[in-house]
Amino acid sequence: MNWDDTTGTDAADERLVASVADREDQAVEAALRPKDLGEFIGQEKVREQLDLVLRAARARGATADHVLLSGAPGLGKTTLSMIIAAEMGAPIRITSGPAIQHAGDLAAILSSLQEGEVLFLDEIHRMSRPAEEMLYMAMEDFRVDVIVGKGPGATAIPLELPPFTLVGATTRAGLLPPPLRDRFGFTAHMEFYEPAELQRVIHRSANLLDVEIDTGGAAEIAGRSRGTPRIANRLLRRVRDYAQVKADGMITREIAAAALQVYEVDARGLDRLDRGVLEALLKLFGGGPVGLSTLAVAVGEERETVEEVAEPFLVREGLLARTPRGRVATPAAWAHLGLTPPRSAATGNGQQDLFGT
């Protein structure tokens, strides 16, 4: 999924099931974040491997290797970076790739680091190329060359850096150049959460937020959270609001289902935009294939919004397929909306739609 600055990203920010964090999410997440690996729920393999890396570094009295975390937004990359700093007993400096547009920006950050400090660089793939090339030397040799002057008279002044740990996070690992990836001592890919793991996340968050919730309520929210803890916590807060106003404050399965119906999040986690795309594809174009631009016009959204905001989850859920001929609905999409597919869609022998590409 493309999470760069696009029109689609703005639309994603406004959705209850968006994976990107808004200001409210950031404030709440600060209170809900686990403080060590023992409290962190899910990502079992990543936790086990990272625990070995950190324990070995502490035993040697050395700085931990540089760490690269990749995966979709909302899965815990920032939380893990803070846990790494806590486990190493080191301070953490947080910045992002888009904030570093010049090599001088990066040099200023690196030169102010303390020994053993953790530098968390979010969306590292969006860092400028000059800064990226400076980072190569800083990660490998703990040194940067600061250029003084311009033209033939420019001079490179070497600046020694204290040993530090870089934790890079990216939603698009494929955009990282190999020389940068190779300089990370430990790389991990964050997977989407299973419903059972999300239930544990929800119960923990409910306890910290002083919200009463039973097993059925947690299961209902977890099933609509798209495998993402950030979305699970956001839905929990909205269901809490509903339970306080419409019920006695206790979240049961029935209360959670009623609340999320109000917020237009269905049993599989689809919201208004997702269902709008599917309904247009099924009802107007017989399940496809249909071109992306035509589908976007039918939905009344920008092309980028449909492609980058709605489609990735629909594809992951097996409700929509991208083909060379256009977008095609799967049998699961017809079943989810309670519609009967035409014979051509059921047999897979349909002809290309007039507007498909």
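Our subject is the structure that appears above.
Reference entry: report on the structure contained in this document. Keep in mind that what you see is a predicted model, and the values were worked out from it rather than measured.

The next thing to look at is the overall build of the protein. Regarding its fold elements, the protein presents 16 helices and nine strands. Taking all 357 residues of the protein together, the buried fraction comes to 49%. Across the protein, the fraction of contacts at a sequence separation of at least 24, relative to all contacts at a separation of at least 6, is 71%.

Turning our attention to the pairing of strand β7 (residues 186-189). Consecutive side chains of a regular strand alternate in pointing toward one face of the sheet and then the other. Residues F186 and A188 line the buried face of β7, whereas the alternating positions T187 and H189 sit on a face that is not buried. Relative to β7, strand β1 (residues 67-70) runs parallel, the two sharing four bridges. Bridge pairing in β7 places L68 opposite T187.

In space, the five strands of this open sheet follow the order β2-β3-β6-β1-β7, with parallel pairing throughout. The open sheet terminates on both sides in strands that have one partner only, identified here as β2 (92-96) and β7. Taken pair by pair, the neighbouring strands of this sheet meet at an average axis angle of 15 degrees, ignoring direction. Judged from the four bridges that link them, β1 and strand β6 (residues 165-170) form a sheet pairing that is parallel. Opposite L69, over in β6, you have A169 as the bridge partner.

Summed over all chains, the structure comprises 17 salt bridges. One salt bridge connects E117 with R93, and the closest N-O pair in it is separated by 3.3 Å. Of this pair, E117 sits in the loop between α5 (103-111) and β3 (118-122) while R93 is found in strand β2, placing the two residues 24 residues apart along the sequence. Looking at R93, the relative accessible area reads 26%, which means it is partly exposed. For the salt bridge of R275 with D266, the shortest nitrogen-to-oxygen distance reads 3.6 Å. Under the relative-accessibility criterion, R275 is labelled buried at 18%. In this structure, a network of salt bridges that share partners links the residues E220, R224 and R253.

Attention now goes to unusual backbone geometry. The backbone of Q43 sits at a positive phi, close to 50 degrees, despite the residue not being glycine. Looking at where Q43 falls in the secondary structure, it is placed in the loop between α2 (23-32) and α3 (44-60). Given the relative accessible area of 8%, Q43 is considered buried.

As a further point, take the nonpolar core. Residues L50, L80, I202, I213, I221 and I251 are the most contacted members of the largest nonpolar core, which totals 48 residues. Among the elements that make up this core, the one with the highest residue count is helix α10 (residues 229-246) (seven residues). Leave out the neighbours within four places in its chain, and I213 touches I202, H203, A206, A218, I221, L236, M250 and I251. By size, the runner-up hydrophobic cluster in this structure holds 24 residues, among which are I124, M134, Y136 and L166.

Here we come to the packing of aromatic side chains. Taken as a whole and assessed by the stated rule, the structure comprises one aromatic pair. When the centroid spacing of 5.5 Å and the interplanar angle of 80 degrees are considered together, the rings of F142 and F164 count as edge-to-face. Of this pair, F142 sits in the loop between α6 (129-141) and β4 (143-148) while F164 is found in the loop between β5 (155-160) and β6, placing the two residues 22 residues apart along the sequence. F142 gets classed as partly exposed once you look at its relative accessible area, which sits at 23%. Assessed through its relative accessible area of 1%, F164 is described here as buried. Directly above the aromatic system of F313 lies the positively charged group of R226, at a separation of 3.9 Å from the ring centroid.

The next point concerns the packing of helix α13 (residues 292-299) against helix α14 (residues 303-316). It is at 8 Å that the axes of α13 and α14 come closest, and there the two elements cross at 90 degrees. It follows from the interaxial angle that α13 and α14 lie roughly perpendicular. When α13 is examined against α14, the residues L292, S293, L295 and A296 are found in contact with a partner set consisting of R303, V306, E307 and E311. Class assignment of the residues belonging to the contact of α13 with α14 gives a composition of four nonpolar, one polar and three charged.

Calculation notes
- Residues numbered from 1 in each chain as written.
- Predicted model: local features only at pLDDT ≥ 70, side-chain atom pairs only at ≥ 80, totals over all residues.
- Heavy atoms only, no water.
- Helix = DSSP H or I, 4+ residues; strand = E, 2+ residues; numbered from the N terminus.
- Buried < 20%, exposed > 50% of the residue type's maximum accessible area, 1.4 Å probe, protein only.
- Contact = heavy atoms within 4.5 Å.
- Pairing = 2+ DSSP bridges.
- Axes fitted to C-alpha atoms, helices over the stretch in contact; angles between N-to-C directions.
- Salt bridge = Lys/Arg side-chain N within 4 Å of Asp/Glu carboxyl O.
- Core = buried A, V, L, I, M, F, W, Y, C linked by side-chain atoms within 4.5 Å.
- Phe/Tyr/Trp six-rings, centres within 6.5 Å; stacked < 30°, edge-to-face > 60°.
- Lys NZ or Arg CZ within 6 Å of the ring centre and 35° of its normal.
- Parallel < 35°, antiparallel > 145°, perpendicular 65-115°, else oblique.
- Nonpolar A, V, L, I, M, F, W, Y, C, P; charged D, E, K, R; others polar.

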